[in-house]
Amino acid sequence: MIIAIDGPSGAGKSTVAKAVARTLGFSCLDTGAMYRAVAWQALEDGASLEDAEALGRIAREREIAFFHDPGDPMPKGVSIGGQDVSAAIRTAEIDRAVSPVSAVPAVREALVAQQRRIGRSGDYVVEGRDIGTTVFPEAPVKVFLTASAEERAHRRVRQNVDRSVGSIDYEEVLADIRRRDEVDSSRAASPLRPADDAVHLDSTGRYIEDVIDEICALAREKGAR
């Protein structure tokens with residue numbers, strides 16, 4: 001079974017997806033980390049973020065892999081070309097770079113193929129921006145998770161403080177979130193939008209545990225144990 005969770009940056013998709021996966025005994029696929037890895041590699045290689053050909057080549061030729069602790073379905077980290085980039089992709093620089101990279105059709109084509117291969121190997125919670133619309137349109141459970149831009153900015157600042165990575169300036173983070181929303185929603189290739197049959201969940205002002213319980217209930221209605 002595939003549980004697809006889409007939504008804008010900072011909506012809590014990764015946190016919710018991991019908790020849902022642990023509760024149901026599923027594995028978790030962080031598609032955003034894959035696009036971040038390509039963005040990191042492009043900057044590392046000195047490739048222009050406007051060079052669609054170079055970005056597509058990176059996505060096709062550099063293997064992206066998740067690694068796990070023994071017996072744990074949750075990914076411990078991610079690598080590209082054999083290099084661990086788990087921390088390197090969680091910086092403000094990558095926050096700014098990932099939207100233009102993910103808008104490149106050749107990048108999306110290469111990574112969607114990898115995501116489908118991984119997801120079809122078992123029961124997965126898959127989070128991203130086009131999972132229910134493009135990657136797994138046949139998923140029996142589709143959720144569009146959102147929150148106000150202001151709440152998402154506060155969450156991102158707290159997250160950056162906790163991990164000592166990225167900007168902790170609220171106004172800067174809020175501006176970046178709004179910019180990413182505009183880029184992600186207006187791009188030509190798989191724009192951010194809810195699937196027609198997605199359940200909309202707004203997590204603004206809600207306990208995250210309630211959101212997790214609601215998604216798990218949806219999955220159980222579709223046959224998850």
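Residues numbered from 1 in each chain as written. Predicted model: local features only at pLDDT ≥ 70, side-chain atom pairs only at ≥ 80, totals over all residues. Heavy atoms only, no water.

From N to C terminus, the chain includes nine helices and eight strands. Here the C-alpha atoms of the chain give a radius of gyration of 16 Å, agreeing with the 17 Å that 2.2 N^0.38 yields for 225 residues. Viewed in the frame of its principal axes, the chain has a C-alpha envelope of about 50 × 40 × 35 Å. Split into buried and exposed, the 225 residues of the chain put 52% on the buried side. Put simply, 73% of the contacts in the chain that link residues at least 6 apart link residues at least 24 apart. (Helix = DSSP H or I, 4+ residues; strand = E, 2+ residues; numbered from the N terminus. Rg over C-alpha atoms; globule rule 2.2 N^0.38 Å. Buried < 20%, exposed > 50% of the residue type's maximum accessible area, 1.4 Å probe, protein only. Contact = heavy atoms within 4.5 Å.)

Moving on, we come to the nonpolar core. One finds Val-38, Ile-64, Val-107 and Leu-111 to be the most contacted residues of the largest nonpolar core, which totals 38 residues. By residue number, the principal contributor to this core is helix 2 (residues 31–45), which donates eight residues. Apart from the residues lying within four places of it in its own chain, the contact partners of Val-38 are Leu-55, Ile-58, Ala-59, Ile-64, Ile-80, Val-101, Val-107 and Leu-111. Residues Ala-17, Val-20, Cys-28 and Cys-216 belong to the second largest nonpolar core, which totals 23 residues. (Core = buried A, V, L, I, M, F, W, Y, C linked by side-chain atoms within 4.5 Å.)

What follows deals with the sheet that holds strand 3 (residues 64–67). The pairing of strands in a sheet comes from backbone hydrogen bonds and takes either a parallel or an antiparallel form. Read from one edge of the open sheet, three strands run 3-4-5, paired in antiparallel fashion. In this open sheet, the two strands that pair with only one neighbour each are strand 3 and strand 5 (83–84). (Pairing = 2+ DSSP bridges.)

This next bit is on helix 4 (residues 92–102). The buried fraction of helix 4 amounts to eight of the eleven residues, a majority that puts the element mostly inside the structure. Considered for burial, the residues of helix 4 that qualify are Ala-92, Ile-94, Asp-95, Ala-97, Val-98, Ser-99, Val-101 and Ser-102. Buried-residue contacts for helix 4 involve helix 2, helix 3 (52–61), helix 5 (105–119), helix 7 (149–163) and helix 8 (170–186).

When pLDDT is averaged along the chain, the result is 92; 100% of the residues meet or exceed 70. Ranking the elements of the chain by mean pLDDT puts strand 2 (residues 27–30) last, at 88, and strand 7 (residues 141–146) first, at 97. (pLDDT = per-residue confidence, 0-100.)

Take helix 7 next. Taking 1.5 Å as the rise per residue, helix 7 with 15 residues should run 21 Å; its terminal C-alpha atoms sit 21 Å apart, in good agreement. Within the sequence span of helix 7, burial applies to Ala-149, Arg-152, Ala-153, Arg-155, Arg-156, Val-157 and Asn-160. Residues of helix 7 that are buried sit in contact with helix 2, helix 4 and helix 8. In the stretch just after helix 7, Ser-164 is the one whose phi turns positive, near 55 degrees. (Expected span 1.5 Å × (residues − 1).)

In total, this model carries zero disulfides according to the counting rule given. Between Cys-28, a cysteine without a disulfide, and Cys-216, which holds the nearest cysteine sulfur, the sulfur-to-sulfur distance is 12 Å. Overall, Cys-28 belongs to the buried group, its relative accessible area being 6%. Judged by relative accessible area, Cys-216 falls into the buried class, the value being 1%. (Disulfide = S-S within 2.5 Å.)

It is the contact of helix 2 with helix 5, at a shortest axis distance of 11 Å, that shows an interaxial angle of 140 degrees. As summarised for this structure, helix 2 and helix 5 are arranged oblique, according to the angle between their axes. For the pair helix 2 and helix 5, the sense of crossing is right-handed. Of the residues in helix 5, those touching helix 2 at Thr-31, Met-34, Tyr-35 and Val-38 are Val-107, Arg-108, Leu-111, Val-112, Gln-114 and Gln-115. Here the contact of helix 2 with helix 5 is composed, by residue class, of six nonpolar, three polar and one charged. (Axes fitted to C-alpha atoms, helices over the stretch in contact; angles between N-to-C directions. Parallel < 35°, antiparallel > 145°, perpendicular 65-115°, else oblique. Left-handed = near helix turned anticlockwise from the far one by under 90°. Nonpolar A, V, L, I, M, F, W, Y, C, P; charged D, E, K, R; others polar.)

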